[in-house]
Structure formats: structure tokens, C-alpha cells
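A look at the structure
Residues per chain, in single letters:
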Amino acid sequence: MARAATTADAFNAVAEPRRRQILDALAGGEQPVNELVHLLGLAQPQVSKHLRVLREVGAVDVRNEGRQRLYRLNGQALKPIHDWVKNYERSWSERFEQLDVVLEELKQKEDGDGSDE
Amino acid sequence: MAVTSSGTATVTLPTDTQILITREFDAPKHLVYKAWTTPELVKRWWHANRGEVTIAEIDLRVGGMWRYVSLTADGFEAGFHGEYREIVANERIVSTEVYEGIPDAEEHAALNTLTLTEVDGRTTLTVLVEHPTKIGRDAHINSGMEGGMQDALDLLEQVAISLR
């Protein structure tokens, strides 16, 4: 099944380096927009654009406090990526289990043939 | 008593651009090396139970190329290729790895180092995957597909923290 070629999922949302920088910054705790603007050294509209993408996939939540808009990380939305990495590890584990079988055969073959020196 | 399987692969993150895969095998290193570098044998294990390896080409010499193509049961085809940079028989292989499913794939080649260390007839295998640039990692993350999943690992820790 093809995935939408938009920024509609967590993978695309974090594929952009600036957006990962924002997530990095928010990993340390909630931040107001102007602090993110300062940290990234980008113009506010650009930062807002990235934040909108992250909000659309639920990777960040926003709340208003007085005149400030405060953003925080929502790790649950990034769980597909976590699962994906686990998948990577599982993939190698399964590969190696097959390799065990191949190696067992090679060992028996070598024993059967006597020393191959 | 010999233990046949050492269980799962261990994946760790030495640096922001590296992935280290480790696994122990109950076999001497020359056999692990053989299974790793013989096309007919690679076809038997590299599929990871997700389909089949349709192509496994290995030209095992410095400057020689390798290419693997896997096809999953649901029809997803993934191709990988690279060039051998350093070969020490039964001990070490340095090669590039290009995932063919991403744009400008060649620019995002990773450098993989395989090492085999034998103690008492058992072999510890490590594969160190190094991405030259952040862009390479981004491309891998963006692919989001089996095989293109080399990275995103640096995000994992943050995800884990925020899930607590």
C-alpha cells in the first residue's frame, strides 16, 4: 500500500532536519514559539510552518498561556517510528536465525568431509 | 554445552551517524564469512523471513560490486548494492551500501564494516553502519520502508523518554 506523498504521517514529519531540531528542543520540555524561533535561528513564519506540520501528525501539542503559545512533544505520535526501528532490529534477528541454520549445515558438511585444511 | 542460537541481534547507537549490529554465532568465523560472502548462501538467510532474495551478486575483491534484491510476499521489491573497499578474509569487510529505493541513492551511501571475532569456536559478528551525512539519514528515515530503515535511531531515545 502506497503512503500518501504528503507530510501527513510521522515519518515525513520527522524527515525534515529542522523539524527534528524542533523535536529535539521540545524533548527537554515545553517551549514557547519565540524560544524555538531563537533556537533554530529561523524566521517565525518558517518555524510556524514546521510546527503546523508537526501538529498535524500529532507530534506536538500546543496550548495558550496568556499571550504565549506553548509547544510540547507528544511521543505517542512518534510511536510508528519507534516500531519501525524495532522492526529493523527484528529484521536482523530473523536474518541471523536463518544464518544459524546455514551455519549448522556448513559445520556438519565440514565435519563430514573431514578437515578442509 | 554449546548453545545453538544467541537470540536476537543487538542494535546500538555509538554516535549520531552510526548503527552497530552485534550477534554471536555458534560457528567458527571462516564459516560465518563463507555464509556472508557466498551468493547461494546469502539467498538463504538475507530475506529475514519476509519473502525471498531474488538477486545476490558478489564480486568479492576490492573495487568489486555486490547487489542484493529482495521481494516480499506482498510484492515490495528492495534493491541494495555497493562496492567492496577492504577485504580481510574471514575477518573484516568494508563496503558501501546504497539503498536503491531513495532519490539520489548513490549520494546517500552508507559505509558498512563487518568484523568477525572468534573465541573457542564461537564467532561474534558486528556490522557498523556509518552514514556520511545527516541528509543520508533523513533519506533513510523518509523512505520508511523495510530495508530503508537504517536510521531514525537517534530519535528513538527521545521517543522512549517521552513515552515514559
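Just so you know, these numbers come straight off a predicted model, no measurement behind them. (Residues numbered from 1 in each chain as written. Chains lettered and ligands numbered in written order. Predicted model: local features only at pLDDT ≥ 70, side-chain atom pairs only at ≥ 80, totals over all residues.)

Moving on, we come to the pairing of strand β6 (residues 92–99) of chain B. Residue and element names in this part refer to chain B. Side chains Ile-93, Ser-95, Glu-97 and Tyr-99 of β6 all project onto a buried face; the interleaved residues Arg-92, Val-94, Thr-96 and Val-98 project onto a face where none is buried. Bridge count between strand β5 (residues 77–88) and β6: 6 bridges; the pairing is antiparallel. Following the sheet pairing, Ile-87 is matched in β6 by Ile-93. Hairpin remark: β5 followed by β6, antiparallel, with 3 residues in the connecting loop; positive phi at Asn-90, about 65°. Where β6 and strand β7 (residues 110–119) come together, 6 bridges link them in antiparallel fashion. Following the sheet pairing, Glu-97 is matched in β7 by Ala-110. (Buried ≥ 20, exposed ≤ 12 C-beta atoms within 10 Å, placed from the backbone. Helix = DSSP H or I, 4+ residues; strand = E, 2+ residues; numbered from the N terminus. Pairing = 2+ DSSP bridges.)

What follows covers the confidence of the model for chain B. All names here are of chain B. Model confidence for chain B is summarised by a mean pLDDT of 78, while 73% of its residues fall at 70 or above. Here residues 1–6 is a poorly scored stretch, pLDDT under 50, and it has 9 contacts once near neighbours within four places are set aside; other chains count. Across residues 141–164, confidence stays below pLDDT 50; counting only partners more than four residues off in sequence or on other chains, it has 69 contacts. Under the prediction, the complex receives an ipTM of 0.74, its pTM being 0.62. (pLDDT = per-residue confidence, 0-100. Contact = placed C-beta atoms within 7 Å.)

Residues and elements named next belong to chain A. As paired elements, strand β2 (residues 60–65) and strand β3 (residues 68–73) share 6 bridges and run antiparallel to each other. Residue pairing across strands places Asn-64 opposite Arg-69, the latter belonging to β3. The turn linking β2 back onto β3 is made up of 2 residues, and Gly-66 within it adopts a positive phi angle of 60°.

With that settled, consider the confidence of the model for chain A. In this model, chain A carries an average pLDDT of 83, and 84% of its residues clear a pLDDT of 70 or more. In this model, residues 1–7 of chain A is a region of pLDDT below 50 whose contacts with residues beyond four sequence positions or in other chains number 7 contacts.

Residue and element names in this part refer to chain A. Here helix α2 (residues 17–27) crosses helix α4 (residues 44–56) at 75°, and the two axes come no closer than 10 Å. Accordingly, the angle class assigned to the pair α2 and α4 is roughly perpendicular. Within the contact between the two elements, α2 uses Arg-18, Arg-19 and Ile-22 and α4 uses His-50, Leu-51, Val-53 and Leu-54. Here the residues of the contact of α2 with α4 sort into 4 nonpolar, 1 polar and 2 charged. (Axes fitted to C-alpha atoms, helices over the stretch in contact; angles between N-to-C directions. Parallel < 35°, antiparallel > 145°, perpendicular 65-115°, else oblique. Nonpolar A, V, L, I, M, F, W, Y, C, P; charged D, E, K, R; others polar.)

A few words now on the sheet that holds β3 of chain A. Within the open sheet, the 3 strands sit side by side as β1-β3-β2 (chain A). Their pairing is antiparallel. Whereas interior strands pair on both sides, the edge strands pair on one side only; in this sheet they are β1 (31–32) and β2 of chain A.

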